Amino acid sequence: MTPVLHTERLEFRPYRAEDEDVFVALLGNEEVCRWMGQDRVPEPEIRALFRAILTDVYPQRRFDVWGLWLDGMYVGHAEVKRTGNVDGHELVTALAPEHWGRGLGGEVVRGLLRHAADGLGLTEAYGMVGADNTASLAMCRRLGFRHLRDVVAEDGSVTKMLVIPTRPAAGRVPTADATARTETAPAAPVGGSASAGDPA
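Every value quoted in this text rests on a predicted model; they were computed, and no experiment measured them.

**Description of helix H1 (residues 20-27)**
Stage number 1. Taken together, the buried positions of H1 are Glu20, Phe23, Val24, Leu26 and Leu27. What you see down the axis of H1 is that its buried residues fit within an arc of 165 degrees, all on one side. Exposed side chains of H1 directed beyond 90 degrees from the buried face belong to Asp21 and Ala25.
Stage number 2. Each element contacted by the buried residues of H1 is listed here: helix H2 (30-35), helix H3 (43-57), strand S4 (73-82) and strand S5 (89-95).

**Focus: the confidence of the model for the chain**
Stage number 1. Per-residue pLDDT for the chain averages 86, and the proportion of residues at 70 or more is 84%.
Stage number 2. Every residue in residues 171-200 scores below 50 in pLDDT, and together they form 111 contacts with partners more than four places removed in sequence or on other chains.

**Describing the nonpolar core**
Stage number 1. Within the largest apolar cluster, 48 residues are counted, with the highest numbers of intra-cluster contacts made by Phe12, Tyr15, Phe23, Leu91, Val108, Leu112 and Phe145.
Stage number 2. A per-element tally of this core places helix H4 (residues 104-118) first, with six residues.
Stage number 3. Counting five residues, the second largest nonpolar core, distinct from the first, contains Val86, Met128, Met161 and Val163.

Rules and cut-offs
- Residues numbered from 1 in each chain as written.
- Predicted model: local features only at pLDDT ≥ 70, side-chain atom pairs only at ≥ 80, totals over all residues.
- Heavy atoms only, no water.
- Buried < 20%, exposed > 50% of the residue type's maximum accessible area, 1.4 Å probe, protein only.
- Helix = DSSP H or I, 4+ residues; strand = E, 2+ residues; numbered from the N terminus.
- Arc of directions from axis to C-beta.
- Contact = heavy atoms within 4.5 Å.
- pLDDT = per-residue confidence, 0-100.
- Core = buried A, V, L, I, M, F, W, Y, C linked by side-chain atoms within 4.5 Å.

In C-alpha cells, the structure reads:
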C-alpha cells in the first residue's frame, strides 16, 4: 500500500476519487507538460489515467504515486516507479506553476529519496530532466545527482539521465528542509523526472 509521507511542509497522500479534477488540471497544464517533456493529451485521457491509478495501480501495488498537498491545497504529483527509461526506479514529480520557485521541488525529491531508501530498500534512484530545464538541473546538482548520459529523441531534444544514492555518504538523506516519515494511509507516469515540473 502506498504510504502517506510527510516532509516539513508537504503531505504526500495517495489519491482519492475526489482529487480527480485537480489532477486533471495539473497534467493538462501546458507549462507542466512542457517541462515534463510531454505533449498535452485530451482531458478524457487524463481522467482515464487518474481512474487507472485508483482501480489498477493502487490495488495491484504497481508503484507508489501521490498527490502533494501544502496546507490542504493540492500543489503537485509524485511517483517512484520502474520505467523503461532507466535500469532501476525513477523519481517523477510535477508541481503546479503557481508553486514554482519556493523550494518545494527539492523538498519533494528528498522526501522521495527517504521513502526509496527506508520504504523500498533502494540504494539509488534516477531522474530524467530536459536539457533546457536549467533550474531543475541546478537543483538536482545541489541535491547530489550525477549525470550518466544524454538521451537524444528523434526530434533532437535532449534529456539528461541522472542518478543519486538514496542516502549520501554520511548515511542520511539531507534533511535541511525535509524530513520524511511514513504512516498508514487508507486504501483508497505520467512520465517526467526529478522535479521536471518545477523549472523555477
